[in-house]
Amino acid sequence: MTSDLFIVLKAPNGKEYKQPIGLFINNEFVKSRSGEKIASINPTDETEIASVYAASADDVDLAVSAARKAFKDSSWRDLPPTDRGGLMFKLASLIEEHAETLATIETWDNGKPYSVALNEDVGEVANTFRYYGGYADKVHGQVINTGPDKFAYTLREPLGVCGQIIPWNYPLAMAAWKLGPALACGNTVVIKAAEQTPLSILYFAQLIKEAGFPPGVVNILNGHGKEAGAAIASHLDIDKIAFTGSTATGRQIMKMASINLKNITLETGGKSPLIVFADADLDQAVKWSHAGIMSNMGQICTATSRVLVEESIYDEFVKLFKEQVKEVSKVGDPFSDDTFQGPQVTKAQFEKVLGYIESGKSEGATLVTGGEAHKDANGKGFFIAPTVFTHVTDNMKIYREEIFGPFVVISSFKTEEEAINRANDTTYGLGSAVFTENLTKAHRVARRIEAGMVWVNSSNDSDFRIPFGGVKQSGIGRELGEEGLRAYTNAKAVHVNMGSRL
Ligand code: NAD
């Protein structure tokens, strides 16, 4: 069965469902003005799954007016915050009800293992909405004591219409990280998904309506970055822009957002260091550092892609890491239960990673394992064999640049000071990790690493209750946790004259 705005699809795991393909504006699916579509490709077998309507600047205008109207409408503006939180709780429950379908779409479109999509991604999405739903009636201002002549207080007010632009590595989770705090604070939103992974968010859009959010509060667009994304970033009637993606695009967004001085949050790239000291629990350090780079096909902005190991345990660490890759990294069909690593999300990403493999080889690093495409039985799919390089020098491209693949460089250091200096020798500052059994050293190093997050004796262990974001060229502002709410309100100061006469 097909209609203009929905198609019935059967996923590789046999799940049949109705896939919306329109733009979600004012709680309805509509075609794009131009009729242009984006094809979504299954990275596992390179076939087309479906085509969805792609927004252009005209469609962005429509979505922004819907969001502006909703922002001013009393059905949202005057909704008691406890009820606003109630809508978010309802949404969280609906996500759980539809978890299997959402995870199926995510795996099909993105290539991530189904068990991860179901148990980690979709679970986190529901948790994030529930967490921020709980905050909806706890966003308070302050009373400020300036003496008896003045009563001064602040109101924490929503910013208005928020534009949100998200990437393809965690399509639903990135949406939840941005929508959760924005909605809790009473904003309205125009969110654009990544063109590579347009499907799960459209299915999710139906749940927004079913949960009872008034029309126009959440508008969901698909579209190309240069067209729809740029139209959002430069729109004069959008008050805030929140972006996750590459540092290069983040820079362009910042420029475009300057047109009307939008409030801005950026979460961009990383080349996160993971330091292993000789006194670490070696077995755990190997397992966590493997998970820190190889999970999600290495497509994680906080992936600990630069491992620095103290010289005395370097050879042993490399040997164990290689064994761990062999034991754990089963590459293949993401719908198979025992698959650890699916394909890279697109041909472009696949080729980008292969390019870095060539670069590593030609720059003279030592290839320990991987270093090539991994083909499934049909010779199809954007699979990369998990890749480890050693004997890298700090000026090599593979040591300095974000690769976004199952690709790690392992280097050695002699002293704590050297480890810290080399960890910080990067334009990025997103994640970082330290492995040691020495408590004092762990805290000492954690303080000195230039990063938004430090994991002690773990890696990439993010949590929706804990702030997430970077320093240096890894971003501006924080998402998640209570801190994430700051990105979505203004403090309005009210001064009440209590008797001061001129
Ligand atoms: P990207 O930054 O180009 O895309 C991210 C989002 O920004 C997408 O929604 C895209 O449509 C939009 N976008 C792109 N150009 C835009 C523009 N000019 N104006 C407004 N919006 C725009 O990322 P990509 O090309 O998909 O991936 C390239 C690299 O970015 C990856 O290899 C990886 O290094 C990095 N990346 C980082 C993250 C992260 O979580 N930090 C996520 C995805 C990709």
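Residues numbered from 1 in each chain as written. Predicted model: local features only at pLDDT ≥ 70, side-chain atom pairs only at ≥ 80, totals over all residues. Heavy atoms only, no water.

## Examining the environment of Phe-350
Take Phe-350: it is sitting in helix α12 (residues 347-362). According to the relative accessible area criterion, Phe-350 is buried, its value standing at 8%. When the C-alpha atoms of Phe-350 and Leu-179 are compared, they prove to be 30 Å apart, with 171 residues separating the residues in sequence. (Helix = DSSP H or I, 4+ residues; strand = E, 2+ residues; numbered from the N terminus. Buried < 20%, exposed > 50% of the residue type's maximum accessible area, 1.4 Å probe, protein only.)

## A closer look at the site of the ligand
Near the ligand, the surroundings consist of 28 residues, among which Trp-168, Lys-192, Glu-195, Lys-352 and Glu-402 are the closest. Glu-195 places a polar side-chain atom, nitrogen or oxygen, 2.5 Å from an oxygen atom of the ligand. When isolated, the ligand has an accessible area of 810 Å², and the protein chains bury 89% of it. Put simply, the ligand lies in the largest pocket. (Near = heavy atom within 4 Å. Polar contact = N/O pair within 3.5 Å; in protein donor to acceptor, adjacent residues only side chain to side chain. Areas by Shrake-Rupley, 256 points an atom, 1.4 Å probe, with all protein chains shown as cover. 1 Å grid on protein atoms, 1.4 Å probe; cavity = no way out; pocket = protein on both sides within 12 Å on 5 of 7 lines; lining within 4 Å. Sits in = over half its atoms within 2 Å of the grid points.)

## Overview of the sheet that holds strand β16 (residues 366-369)
Strand order in the open sheet formed by seven strands is β16-β17-β18-β15-β14-β19-β20, and the pairing between neighbours is mixed. Whereas interior strands pair on both sides, the edge strands pair on one side only; in this sheet they are β16 and β20 (455-456). Both strand β14 (residues 273-276) and strand β15 (residues 306-310) contribute to a ladder of four bridges, which runs parallel. Paired with Pro-273 across the strands is Arg-306, a residue of β15. Along the sheet, α12 makes contact with β16, β17 (387-390) and β18 (407-413), crossing β17 at roughly 25°. (Pairing = 2+ DSSP bridges. Contact = heavy atoms within 4.5 Å. Axes fitted to C-alpha atoms, helices over the stretch in contact; angles between N-to-C directions.)

## Considering the pattern of salt bridges
Tallied over the entire structure, the rule returns 27 salt bridges. Between Lys-178 and Glu-479 there is a salt bridge, and its shortest N-O distance comes to 2.7 Å. With Lys-178 in helix α6 (residues 171-184) and Glu-479 in the loop between β21 (475-476) and β22 (489-497), the pair connects residues that are 301 residues apart, well separated along the chain. Here the two residues Lys-178 and Glu-479 agree in accessibility, since each one is buried. In this structure, a network of salt bridges that share partners links the residues Arg-68, Asp-237 and Asp-239. (Salt bridge = Lys/Arg side-chain N within 4 Å of Asp/Glu carboxyl O.)

## Describing the UniProt feature "active site" (unreviewed entry) in the protein chain
Under the feature "active site" (unreviewed entry), the UniProt entry names Glu-267. Within the element layout of this structure, Glu-267 appears in strand β13 (residues 263-267). With relative accessibility at 2%, the residue Glu-267 sits in the buried group. Sequence-distant contacts of Glu-267, defined by excluding residues within four places in its chain, comprise Phe-243, Thr-244, Gly-245, Cys-301, Leu-430, Phe-468, Ser-474 and Glu-479. (UniProt positions renumbered as here; feature names shortened; annotations may be inferred.)

## Here we look at the packing of α6 against helix α7 (residues 199-211)
Two elements in contact, α6 and α7, have axes separated by 8 Å at closest approach and are oriented at 50°. With respect to each other, α6 and α7 are oriented oblique. The two elements α6 and α7 meet at a crossing, and its hand is right-handed. Between α6, through Pro-171, Leu-172, Ala-175 and Leu-179, and α7, the contact on the second element is made entirely by Ser-200, Ile-201 and Phe-204. Across the contact of α6 with α7, the residue classes tally to six nonpolar, one polar and no charged. (Parallel < 35°, antiparallel > 145°, perpendicular 65-115°, else oblique. Left-handed = near helix turned anticlockwise from the far one by under 90°. Nonpolar A, V, L, I, M, F, W, Y, C, P; charged D, E, K, R; others polar.)

## Focus on the layout of surface pockets
A water-sized probe rolled over the atoms picks out the places where empty space is left. In this structure, the largest pocket encloses a volume near 1200 Å³. Considering the residues around the largest pocket, the lining is formed by 50 residues, among which Trp-168, Gln-196, Ser-246, Thr-249 and Gln-349 are closest to the centre. Sort the elements by how many residues they give to the lining of the largest pocket and helix α9 (residues 247-257) lands first, with six residues. Taken together, the residues of the lining of the largest pocket break down into 21 nonpolar, 18 polar and 11 charged. The space that makes up the second largest pocket amounts to roughly 720 Å³. Taken together, 29 residues line the second largest pocket, and the ones lying closest to its centre are Glu-120, Tyr-170, Ile-300, Asn-460 and Ser-462. For the lining of the second largest pocket, the elements supplying multiple residues, two or more each, are α5 (114-135), α6 and α10 (282-294). In terms of residue count, α5 provides more of the lining of the second largest pocket than any other element does, eight residues in total. (Points joined across faces, edges and corners; volume = space filled by probe spheres on them.)

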